[in-house]
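Structural overview for review
Here's the letter readout for the chains.
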Amino acid sequence: MLEQILENAFTANPAFKNAISPYWWCNICNHTLSQDEGMFVNLGGDAENCKIIHLIKMKLESLIKHHIKESNGDDEHKQETRIYLGEDQTTCIFNCLAMELDLHENLEIGGKSWKCVGAITNENDCFFRINDKWFKSLDINNEIKEFSITNIKIAAYDRTDILERDKSQEFCYVGAELKKIHNKTDKQNNTEERRKDRHKDTEERRKHDAKDRHKDTEERKQDRHNLTEKRKEDNKRRKHQLKARMMLSDTGMDRICCSCIEWKSIDSCSNISKLPVEQVFRYCTETDLTRNLDGEFYVCTTCKSSISSSREPRRCQKEIFGLLNFPTKFLEDLEEYCVPWDEKQKEDPDKKYVQLNRLEDYLLKSVIPFVRIGHMPRGRYFQLKGDLIMVTADVVDSLQKILPVQQNLVPVALKRKIEYSGFYMQEYVDKSKIKHYFQWFQKHNHIYQDMKLNENLINEFEEEAKRIAEHEDRQKDEIITNHDEMLQRKVDTYEVYNSDEEENEEKTVTLDKEHVFCDNSSFITDKYMEDTSSNTVANKFSDMIISFEQFPEEEEVFNPDSEQAFYVEDEIYMSDDELEVEEECLEEYDFSPEELSKLNQLKNMKIETQQIVYLLKTNVNNLCKCEVERKISFILKCKFEIEKISVVHARLVSFKDLLINDFSDSIENSRTVFRSIVKNCYHEYNALNNDLENYIKNNEANEEKTSAFVKKQTKKIKENAEKISVAPSEEGKWVNWYSDLFLEEKLFPKLFPYGIGGYLSSNMLKKSNVGFANYIKNRVLSADPKFRNDASYVFFLLLVKELTDIKRSEQTYLRKASKSSNLTAKKVVEIGKQHLLRYDNAFTQFKTIRGTSMYYQDSKKKLMATLRQKGAPTLFCTFSCAEFDWDTLCQSIFQTINKSKISMEEIKKMTAAKKNKLVSENVTQSTIHFAKRTDKLMSLLNDGGIFLHDKKDYKVDSYFYRVEFQARGAPHIHCVFWLEDENRNKPPSMWNEENRSDAALGGQIASFCDSIMSGSSTSMNCELHAVFDYSCKECMDGKNLVEKYQSHKHTFSCKKKGKVIRIMSTEGHGRLDKKKVSEEILASVCRLRHPKYPIDKTVFVHGFSQDVDENVLKAAKRDYQKVRKYLLRLTHAETFKDSDEWKKFKNMTFEEFLFELGMFRDERVRNDPIEKEQARQRYLTALRCEVKSSGMVVLKRNTGDIFTNNFNKMLIRLHQANQDIQYISDEYAVAEYITNYLTKNESGLSSLLRNINDEALKEGENVLITIKKLGKALDKGREMSIQEAIYRALGLTMAKFRDVVRFINTNHPERREGLLKSNLDELDDDEKIFHNSLHDYYQIRPTDEDIDDDIVNNDDGKGKGWENQCLADFVAKFNIAYSKDANVIKLQDDKSYISKRKRPAVLRYYLKYDNEEEYYRALCILFLPFRNEMRDIHSKDVTTLYSVNKDMIENNRREYEKHRTMIDLIEEA
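Summarised in this report is the structure supplied together with it. Keep in mind that this is a model prediction, so the values were computed, not measured.

1. What to know about the overall build of the protein
- The secondary structure content of the protein amounts to 53 helices and 39 strands.
- The buried share of the protein, taken over its 1469 residues, is 51%.
- Long-range contacts, defined as pairs at least 24 residues apart, comprise 74% of the intrachain contacts of the protein with a sequence gap of at least 6.
- Just so you have it, the protein exposes about 73900 Å², and 47% of that area is on carbon and sulfur atoms.

2. Concerning a positive patch on the surface
- A cluster of like positive charges, contributed by K1049, K1137, K1143 and K1146, occupies part of the molecular surface.
- In this structure, K1049 sits in the loop between α37 (1033-1045) and β27 (1060-1063).
- Residue K1049 is classed as partly exposed on the basis of its relative accessible area of 36%.

3. Considering the pairing of strand β10 (residues 148-159)
- Where strand β4 (residues 91-102) and β10 come together, eight bridges link them in antiparallel fashion. Within the sheet, the bridge partner assigned to M99 lies in β10 and is I152.
- Relative to β10, strand β6 (residues 112-121) runs antiparallel, the two being bridged by seven bridges. The residue bridging G118 from the neighbouring strand is A156, located in β10.

4. Considering the environment of E1429
- Within the element layout of this structure, E1429 appears in helix α50 (residues 1429-1434).
- What makes E1429 buried here is its relative accessible area of 4%.
- Sequence separation between E1429 and Y1338 is 91 residues, and the spatial gap between their C-alpha atoms is 9.9 Å.
- If near-sequence neighbours (up to four positions away) are discounted, E1429 is found in contact with P1309, R1312, H1335, Q1339, I1421 and H1434.

5. A few points about the nonpolar core
- Counting residues in each nonpolar core, the largest one holds 136 residues, and the members touching the most others are L875, F947 and F977.
- A total of eight residues in this core trace back to one element, the largest contributor, which is helix α35 (residues 923-943).
- When sequence neighbours within four positions are dropped, the list of residues in contact with F947 reads L875, L941, K952, D953, Y954, V956, L979, I1012, N1208 and L1211.
- Counting 34 residues, the second largest nonpolar core, distinct from the first, contains I1304, C1366, Y1405 and Y1456.

6. Thoughts on the packing of helix α28 (residues 772-780) against helix α29 (residues 791-814)
- As a packed pair, α28 and α29 sit with axes 11 Å apart at the nearest point and diverge in direction by 170°. Here α28 lies roughly antiparallel to α29, going by the angle between them. Counting all contacts with α28, which are made through F772, Y775, I776 and R779, the residues of α29 involved are Y793, L797, V800 and K801.

7. Focus: helix α46 (residues 1282-1290)
- Burial runs high along α46: nine of the nine residues are buried.
- The first or second residue beyond α46 is G1291, which carries a positive phi of 75°.

8. Remarks on the pattern of salt bridges
- All told, the structure shown has 43 salt bridges when counted by the stated rule.
- Residue K243 pairs with D943 through a salt bridge whose shortest N-O separation is 2.5 Å. Of this pair, K243 sits in helix α9 (residues 229-249) while D943 sits in helix α35, and the two are 700 residues apart along the sequence. Each member of the pair, K243 as well as D943, is classed as buried.
- E802 is the salt-bridge partner of R1288, the closest N and O atoms lying 3.1 Å from each other. Taken together, the positions of R1288 in helix α46 and E802 in helix α29 put the pair 486 residues apart, joining distant regions of the chain.

9. Digging into the side chain of R1427
- Structurally, R1427 is set in the loop between α49 (1412-1423) and α50.
- A distance of 3.5 Å separates the side chain of R1427 from the backbone oxygen of Q1339, its partner in a polar contact.
- With near-sequence residues (within four places) excluded, R1427 lies in contact with Q1339, I1340, R1341, P1342, T1343, E1363, Q1388 and D1432.

10. Examining the pairing of strand β38 (residues 1393-1396)
- Judged from the four bridges that link them, strand β36 (residues 1374-1377) and β38 form a sheet pairing that is antiparallel. If you follow I1376 over to β38, its bridge partner there is I1394.
- Strand direction decides the pairing type here: strand β37 (residues 1385-1386) and β38, joined by two bridges, are antiparallel. Considered in β38, the bridge of I1385 is made with I1394.

11. Regarding the packing of aromatic side chains
- Summed over all chains, the structure comprises 45 aromatic pairs.
- Plain terms: the ring middles of F330 and W440 are 5.6 Å apart, the flat faces sit at 35° to each other, and that makes the pair tilted. You can see F330 sitting in helix α12 (residues 328-334) and its partner W440 sitting in helix α16 (residues 431-444), a full 110 residues away along the chain. Each member of the pair, F330 together with W440, is buried.
- Joined through ring pairs, the aromatic side chains of F326, F330, Y437, F438, W440, F441, Y448 and Y754 make up one cluster.
- Of note, R779 hangs over the ring of F787, and the distance from its end group to the ring centre comes to 4.3 Å.
- We note R962 situated over the ring of Y856; from NZ or CZ to the ring centre the distance is 3.7 Å.

12. What about the sheet that holds β36?
- Strand order in this open sheet of three strands is β36-β38-β37, and the pairing throughout is antiparallel. Here the strands that pair on one side only, and so sit at the sheet edges, are β36 and β37.

13. Some details on unusual backbone geometry
- Residue P1091 is bonded to the preceding H1090 through a cis peptide linkage, with omega at 5°.
- Non-glycine residue N151 carries a positive phi angle of around 55°.
- Tracing the backbone through its elements, the reader meets N151 in strand β10.
- At D950, a residue that is not glycine, the phi angle is positive and equals roughly 55°.

14. Some thoughts on the packing of α35 against α46
- For the pair α35 and α46, interaxial distance at closest approach is 10 Å and the crossing angle is 65°. One way to sum up the angle between α35 and α46 is to call them roughly perpendicular. Here α35 and α46 pass one another in a crossing that is right-handed. Together, V923, T924, T927, I928, F930 and A931 of α35 and I1282, Q1283, I1286, Y1287 and L1290 of α46 make up the contact between the two elements.
- For the contact of α35 with α46, the per-class residue count stands at eight nonpolar, three polar and no charged.

15. Digging into α28
- Of all nine residues in α28, seven are buried, a share of seventy percent or more.
- Residues of α28 that are buried include every one of F772, N774, Y775, I776, N778, R779 and V780, and no others.

16. A closer look at the state of the cysteines
- With the rule as written, the count across this model stands at zero disulfides.
- Not engaged in a disulfide, the cysteine C300 finds its nearest cysteine sulfur in C303; these two sulfurs lie 3.4 Å apart.

Criteria and thresholds
- Residues numbered from 1 in each chain as written.
- Predicted model: local features only at pLDDT ≥ 70, side-chain atom pairs only at ≥ 80, totals over all residues.
- Heavy atoms only, no water.
- Helix = DSSP H or I, 4+ residues; strand = E, 2+ residues; numbered from the N terminus.
- Buried < 20%, exposed > 50% of the residue type's maximum accessible area, 1.4 Å probe, protein only.
- Contact = heavy atoms within 4.5 Å.
- Areas by Shrake-Rupley, 256 points an atom, 1.4 Å probe, with all protein chains shown as cover.
- Patch = residues over 30% accessible without salt bridge, like charges linked within 9 Å, V, L, I, M, F, W, Y side chains within 5 Å.
- Salt bridge = Lys/Arg side-chain N within 4 Å of Asp/Glu carboxyl O.
- Lys, Arg positive; Asp, Glu negative; His and termini not counted.
- Charge placed at Lys NZ, Arg CZ, Asp CG, Glu CD.
- Pairing = 2+ DSSP bridges.
- Core = buried A, V, L, I, M, F, W, Y, C linked by side-chain atoms within 4.5 Å.
- Axes fitted to C-alpha atoms, helices over the stretch in contact; angles between N-to-C directions.
- Parallel < 35°, antiparallel > 145°, perpendicular 65-115°, else oblique.
- Polar contact = N/O pair within 3.5 Å; in protein donor to acceptor, adjacent residues only side chain to side chain.
- Phe/Tyr/Trp six-rings, centres within 6.5 Å; stacked < 30°, edge-to-face > 60°.
- Lys NZ or Arg CZ within 6 Å of the ring centre and 35° of its normal.
- Left-handed = near helix turned anticlockwise from the far one by under 90°.
- Nonpolar A, V, L, I, M, F, W, Y, C, P; charged D, E, K, R; others polar.
- Disulfide = S-S within 2.5 Å.

Encoded structure:
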């Protein structure tokens, strides 16, 4: 019977058969075993042992024996054969005469783990599982407790790695419902009752029919789809689960967009089937390069938005020729000439020895980027040390030094300076290989065409290169004379307050030498040391980008019509007479306004389509395939739109039906023709697809065809360049576009073998500007990995990008000037922008460039504004990156590289070395994944469900985080969180001054902290167990997670402060002090305060008050030293965990620990409860000596967990990497964080930059010169890992607030700076030369009569109205709207608009406390409503004005300065 049911199911759903029917395969030969078992796994019997595990073992042995016999018994099969079940199989049904099993026991079979879900005995008793409970069919009301079942004939098992459906959903009938089904009779039996006519017209039926069954009763009024609390919880849980899954799997490189040809996230892509066919043909590329691992084509959200608007996506069809590579035939021919290093290299299937190594590549460059590669201080990544200098080289000269040498493998070394003892690069080069590459370049690359190789001459290329590099270094050293001192100071202060996750040494396998690639690099960059006017390659390239962006957009060169005509030139058009409509004049009929509107829609549709309908009916045979398909798609779209138009009038219905029939006929006629056309075609509108198909894809077979096409395009680029032959640059210099257009291709010939495809040449060819930031993203995220795999190229792009940003900053600075009332457009032109008065200093101009000191200084100001407005945050958190341990990341990287799926089981079977190699060689994807993971984590924390306490869900209402990079290169984040529950109540905190005297507050804080964080690995009990259960697998998995990621290990970083404690020979023995003698030791003190203190439950320890009794304080200090020295003596040795003392200590109870520590007054009464409590209080009193502020949380910890960092139980399972969570007790802790963490890497450099700025102000130096000096000094000697380079190059967030922070200038209007308009030459003298500021928009806000007051109301419904709204309220609650929509509010000038913010912004402003007049002026500007600032504020005495309006001003001020005391503390720190 069961077989028949399954057969019917297989027929209805063939895919179901694959999930049920077993098939076996061999791990040696990967062949499927010939044995066919149908739908069951048939087990043999055994009279002595009928346990299912034993029977399965017998089954496997039988299968292996049979397979070995089939394979002729080869030795490999005999030794290592394993049998696995198919990947698609999710359910196993075992069949046996009689077997015994445990319902709760999992089976390991076929390489997978299985759990029992149902069983049937020979007595026909049925056992079934609902969630984690078991029931018996004849006793369905009671859960069974005995799980060992005998005499089983059928047992069903499911794979354990398949996610179960939500446990809260009921998919089975149980209890009374199941009984009801069992007791049901067959209602379809042909009984006498059923034969009666149920539709007789009886009196009862007439009464029933007379009733109005559709009355609008109260019950019917109720919405069955109301969002109930249960539904809300279900939605919230599902949303949380989806985000959690995406957090683990989203790497940002999971799907390829077939428009921009870049890797994207899964959730940012959609299938191209959702786009109109004609748009797909026009903007998308369907080739093997853009095909995803599921065989489908996708388009990203950004491109789709443009395509849907019939606009070409910004990054579409721009970088085609960069995808060209060396032809396969050329590489195959090289095998004949190249010499492999050894036999292993010769047998390499990828034939890497025919590819250029780094030095060979550098020797063929016409411009060489000098860098020096070395290992990061820790970890497997690399760094480039020293400045990055571009030196022009002569390829022929360098080759002439190599080719005359007799041997084929020539040792070549490059130095940057002759006096350097070390080499920049030293490798062996294959003389024959580089000669053939050079000859190929001469033939196919226009850059090398004029180069002639004379093997009889050897020039001094190397010495010339060193001379230039030495000259560059000498110029830069003149800028900062104390560079060595500054670097030494940096070494001393680096990571002084770094988080603990860097201290965790990762247990990773060292890679073999041949697997280490220098492409995963980092470097110390001198991009800011570059003189932005010096004649270097990077500067020249940056100048050309700036100039290119500023070119006037002449239509014939840069702005071709993006709208493609729907018809090609040779189409046959209908004459005007033929287009006349032979229909009755519909206008004669009496239509309503609504009907007239629909009539016009139908008529317009007919006019738009009649040309295409005519062609499809009469001339379709003369159209090509893509034309037919596009026209069919267009008519289908129009048909769908017409069908949506609802009409009632008979004439309109007739007209509509006529159109629909016309469309249907034309579609049917053309589809027949379309199916008969076999050959695809190519047109100009699909140039991208054409290029890829004909040249890139076919390059392997026909390089001559590709080369001819490239020459044609190169000529076109140069012709376009001649139209703009020269462009102005700084200080009267000129950039020659014609000669310098191919700088990028000269630098990286290996990436651009045909000498075409760089940023400038591609833009010139396409006659448009993709934007350099977009270009970098396109290259780094390209479907072709060659760009991101070349570290020098990535660093070069970043260098040019940030040089360009610096120059833009200079230009932006020149567009700012003080808003003097008598300044006119004519005066600005006469004076010159560079000579205008400015109050803003040059120091702040680089704040938009990620990673600079100014960038973090700006973040610090924003954070201080947030603290002033929101108060102290609740938590400090640190989250690190454990990329080598994340199997989902490994799976995604493997699939990205190979474009083929791999199961998680296969990933888990990989060796650690293989997984580490996979991740370390694809650092771009792992870095982007961490950035994506960070954003998803913040979103999850904002949704809630993580920090739960006392039946309240505390969500992260606001947050700030900063990305930093560890010594091994990987990123980690430092965060501050502001928590609130659903009623916007904050957690208990010492920050609330009114509560400081509350004795119960410490208990409330301890209870809160105990709920949201843990300090012991045995706190990781699962949901099924109230306390930790060592026999539970899930509990133990959690414990192992904590021990793996949260265990602190002392390193050199712990001892940076150099603090030590001398422990005498009679100290550190606890209760045996002065009784036991041991060696005297000098123990280093860990700056991260390890070891932690054991405690039996979480407590909040208050600090000593100032009036504490001196004797009590002395006694507490003695005990505190006793505690510290006891723990330090126990753990000071590097191998302390191997000692007997530690093994004994970690198993102690808390009471035993207090006893050994010597906290009991009398050892003989240690079991007395009173004595126990007194000993505990004595211990806690001792710990009060460590409190630096008002209090300290001591988390519950066992003695074995004194090196365990704080963690959250849900977060450690969600984000499996090191984390640290600290509760913020008061404002002093906030001040410590701001000064120690946010500015820790910039303190020394910031003072240097400030000195440069201050000296310039003192001497009255030209501000442009100051900006250049700051640019040169910025980031001198700073190390940058490849991960940080990726963050900065791709524009990933390095410091982020949840809230928008907006700045309000509180100076007098005459001392404020404004942004000059760009068209000053066109303005009249009476026109405004500055763009509107926030103050200007505020003064023209609506009046109370113009708009309903609800718009300016607060969330509580209480509003101030427009007139009583101060500037601070306006800026915080409204945005300036630059596009008009239904939600905007018009201002009084009738051309400006604002929109209300969903979440108020945080305000940043500066109050001059030391100048009373300016202080009151600022308060009046911010918090006193005005309509005319000069009249209402500055024309009056601001001190008097403040005094008169003090109540209003201070009332408004309190909304934005609830915690101003904290800012004072931070400033003092």
